[in-house]
Amino acid sequence: MEHVRADLSAYLDGALPADRRSEVAQHLEACGACRGSLAEIRETARLIAALPAAVPSRRLVPDLAPRLNWLRPLRSLSAVGAGMFLLVFMASATLDTGFRMGGGAAGTRASGGAAQPASAPNAEFAGRPSTGSPAPGVPAAPAATERSTAALQATATPKAVAADAAASPARDRTLPGPTGAQRTAVAPEPLRIGPSPWFWLALTVLSGLLAFVTHRRLRAH
Amino acid sequence: MYAHVARILGAGPEAEDVVQDACVSAWRSIGSFEGTSFRAWLFRIATNRAIDVVRARRRRGELPLEPAEGQEETWAEPVAGGPELADIAADREAMRHVEAALAGLPAEQRAAVVLRDVEGFDYEEIARITATELGTVKSRIHRGRLAVRNALLAQGWRGSSG
């Protein structure tokens, strides 16, 4: 009987052709010596696999890491940008909110002058009750109506303008005579920084995301 | 990959340099990667570099000449009464004998055995990694295992009953 020792490793690893594999299997059933040799080879392979893995004493891919250095300024810029966009968003949102809330009340506060910078440009805009809601507790609607009526009277009779001017001198400084009355009919632009507060908020989120992703990428290396 | 190169070259700065060079080389030639296994491709670069270093050491006389391959295989007879091979895994001192036996193999045999038993590549992948014939891979793996088995039996261990 011819032993099959030379094929035992390949048999163990399933690397024999099917016909040879069946021949070896038949032989192993009949030959105790070859079964013992197969067990020794199997055990030897298992011992080799169980050897502890060597660990390097230093990082072995240092040359590739500096390629990511260009991410560092990007991370800083995007982080600073996110902060700046957040500030701009807050300022823009505050002005926008101030415009919406102060629009109706501005008519009564117009005589207050520069103390209300957000509402000052809207002083003449207060003559349109439909565009702004009055502040709580302020009787803005009657005042606006009164001013609207005064504007109509100004167009009709110059004397009425003089009377109205005597009643509110502050308004007259900005809207003298019939020209001011005409301007009451023009919708004023709201005071905004840039296109919209939401635009700045979107930029804030995008910059923050960029800073986060670059930071994670840099930390991974 | 360092563990694999360290098995061929021995652990130390030289093996670390080989892995580092292999990584940089793979990075530079990533465009030439073909095939389905990126891992096998990386191991091919690292294995070939490690074997080149072993050959250079031999040429400089730092290592003894490699025993010729293709000799008649010999099966040492087990010594009756010794501990079984299966018990070696739990014995740290005994595992050093396994390591020494593996280190005594020719570099190509050692690479083939480690690629199979440690890294788990199949014979065809090993043939591609080492750029050799399938028959050569079979022979190297078998002779490598047999040499380790014989070395362990020479230390007094005996084969299990199977």
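What counts, and where the lines are drawn
Note on numbering: residues in each chain are counted from 1, in written sequence order. Going through the entries in the order they are written, you letter the chains from A and number the ligands from 1. Selection of residues for local features in this predicted model requires a pLDDT of at least 70, selection of side-chain atom pairs for listing and counting requires 80 or more, and totals for whole chains, interfaces and linings are taken over all residues. Secondary structure is summarised from DSSP: a helix means a run of H or I of at least four residues, a strand means a run of E of at least two, and numbering begins at the N terminus for each. Neighbour counting defines burial: a residue surrounded by 20 or more other C-beta atoms within 10 Å of its own C-beta is buried, one with 12 or fewer is exposed, and intermediate counts give partly exposed, using backbone-placed C-beta atoms. Here contacts are defined at the residue level, using C-beta atoms placed from the backbone and a cut-off of 7 Å between them. The nonpolar core criterion groups buried Ala, Val, Leu, Ile, Met, Phe, Trp, Tyr and Cys residues into a set whenever they are joined through C-beta atoms within 7 Å. A helix is expected to span 1.5 Å multiplied by its residue count minus one. Here, axes are lines fitted to C-alpha atoms. For helices the fit covers the stretch in contact, and angles between N-to-C directions go from 0 to 180 degrees. Note that the term roughly parallel is reserved for angles under 35 degrees, roughly antiparallel for angles over 145, roughly perpendicular for angles of 65 to 115, and oblique for everything else. Note on convention: the crossing is left-handed when the near helix lies turned anticlockwise from the far helix by less than a right angle, right-handed when the turn is clockwise. For this classification, the nonpolar set comprises Ala, Val, Leu, Ile, Met, Phe, Trp, Tyr, Cys and Pro, the charged set comprises Asp, Glu, Lys and Arg, and every other residue, Gly included, is treated as polar. Scored from 0 to 100, pLDDT records how confident the predictor is in each individual residue.

**Q** Hey, could you run me through the overall build of chain A in this one?
**A** Counting secondary structure elements, chain A contains 9 helices and 0 strands. Scanning chain A from its N terminus toward the C terminus, one meets helices and strands in the order α-α-α-α-α-α-α-α-α. Split into buried and exposed, the 221 residues of chain A put 28% on the buried side. Put simply, of all contacts in chain A between residues at least 6 apart along the chain, 64% involve residues at least 24 apart.

**Q** I would appreciate a short explanation of the overall build of chain B in the present structure.
**A** Counting its secondary structure elements, chain B contains 7 helices and 0 strands. The order of helices and strands in chain B, counted from the N terminus, is α-α-α-α-α-α-α. Across the 162 residues in chain B, those meeting the buried criterion constitute 37%.

**Q** Help me out: how do you make sense of the nonpolar core in this one?
**A** Burial of nonpolar side chains together is a common tendency in soluble globular proteins. The biggest cluster of nonpolar side chains holds 50 residues, and the ones touching the most others in it are Val5(B), Ile8(B), Leu9(B), Val18(B), Val19(B), Ala46(B) and Leu115(B). Considering every element that reaches this core, the biggest residue donor is helix H7 (residues 134-154) of chain B, with 7 residues.

**Q** I keep staring at unusual backbone geometry and nothing clicks. Help me out?
**A** A negative phi angle characterises most non-glycine residues, just as the trans form characterises most peptide bonds. With phi around 55°, Ala131(B) is a residue other than glycine that occupies positive phi space. Within the secondary structure, Ala131(B) sits in the loop between helix H6 (123-130) and H7.

**Q** For this particular structure, what's the right way to read the interface of chain B and chain A?
**A** Quite often, the size of an interface is put as the accessible area lost when its parts meet. Contact with chain B, which involves 35 residues of that partner, is made by 30 residues of chain A. Counting only elements with at least two residues in the side of chain B that touches chain A, the list comes to helix H1 (2-9), helix H2 (13-28), helix H4 (92-103), helix H5 (107-117) and H7 of chain B.

**Q** Looking at this model, I keep getting lost on helix H2 (residues 18-30) of chain A. Mind explaining?
**A** Across its 13 residues, H2(A) extends 19 Å between first and last C-alpha, which sits within 8% of the 18 Å expected from 1.5 Å per residue. Of all 13 residues that make up H2(A), 1 are buried, and the element is exposed over most of its length.

**Q** Just to check I follow, could you spell out the packing of H4(B) against H7(B) for this structure?
**A** Working note: a packed helix pair is described by the angle between its axes plus the distance between those axes. Residue and element names in this part refer to chain B. At their nearest, the axes of H4 and H7 sit 9 Å apart, and the two run at 135° to each other. When the axis of H4 is compared with that of H7, the two are oblique. Like other packed secondary-structure pairs, H4 and H7 cross with a definite hand, here right-handed. When H4 is examined against H7, the residues His-97, Val-98, Ala-101 and Leu-102 are found in contact with a partner set consisting of Ala-147, Val-148, Ala-151 and Leu-152. Taken together, the residues of the contact of H4 with H7 break down into 7 nonpolar, 1 polar and no charged.

**Q** Is there a simple way to think about the environment of Thr204(A) in this case?
**A** Assignment of secondary structure puts Thr204(A) in helix H9 (residues 197-220). Taking C-alpha positions, Thr204(A) is 4.6 Å from Ala82(A), a pair spaced 122 residues apart along the chain.

**Q** I tried to follow H1(B) on my own but got confused; where do I start?
**A** Side chains that are three or four residues apart share a direction in an α-helix, a result of its 3.6 residues per turn. All names here are of chain B. Burial within H1 is extensive, with 7 of its 8 residues counted as buried. Here H1 has its buried residues at Tyr-2, His-4, Val-5, Ala-6, Arg-7, Ile-8 and Leu-9. Of the surrounding secondary structure, the elements contacted by the buried residues of H1 are H2, helix H3 (38-59), H4 and H5. Two residues or fewer past H1, Gly-10 is found with a positive phi of approximately 95°.

**Q** Teacher, can you tell me more about the packing of H3(B) against H5(B) here?
**A** All names here are of chain B. Packing of H3 against H5 brings their axes to within 10 Å, and their N-to-C directions diverge by 155°. In terms of orientation, H3 lies roughly antiparallel with respect to H5. Along this stretch, H3 crosses H5, giving a crossing that reads as right-handed. Listed contacts from H5 to Phe-43, Thr-47, Ile-51 and Val-54 of H3 are Ala-107, Glu-108, Ala-111 and Leu-115. Split by residue class, the contact of H3 with H5 holds 6 nonpolar, 1 polar and 1 charged.

**Q** Would you mind showing me how to read the confidence of the model for chain B here?
**A** Low pLDDT means the predicted atomic positions in that stretch should not be read closely. Residue and element names in this part refer to chain B. Scored by pLDDT, chain B comes out at a mean of 81, with 83% of its residues at no less than 70. Here H2 is the element of chain B with the lowest mean pLDDT, 83, and H6 is the one with the highest, 92. As scored by the predictor, the complex reaches a pTM of 0.54 and an ipTM of 0.82.

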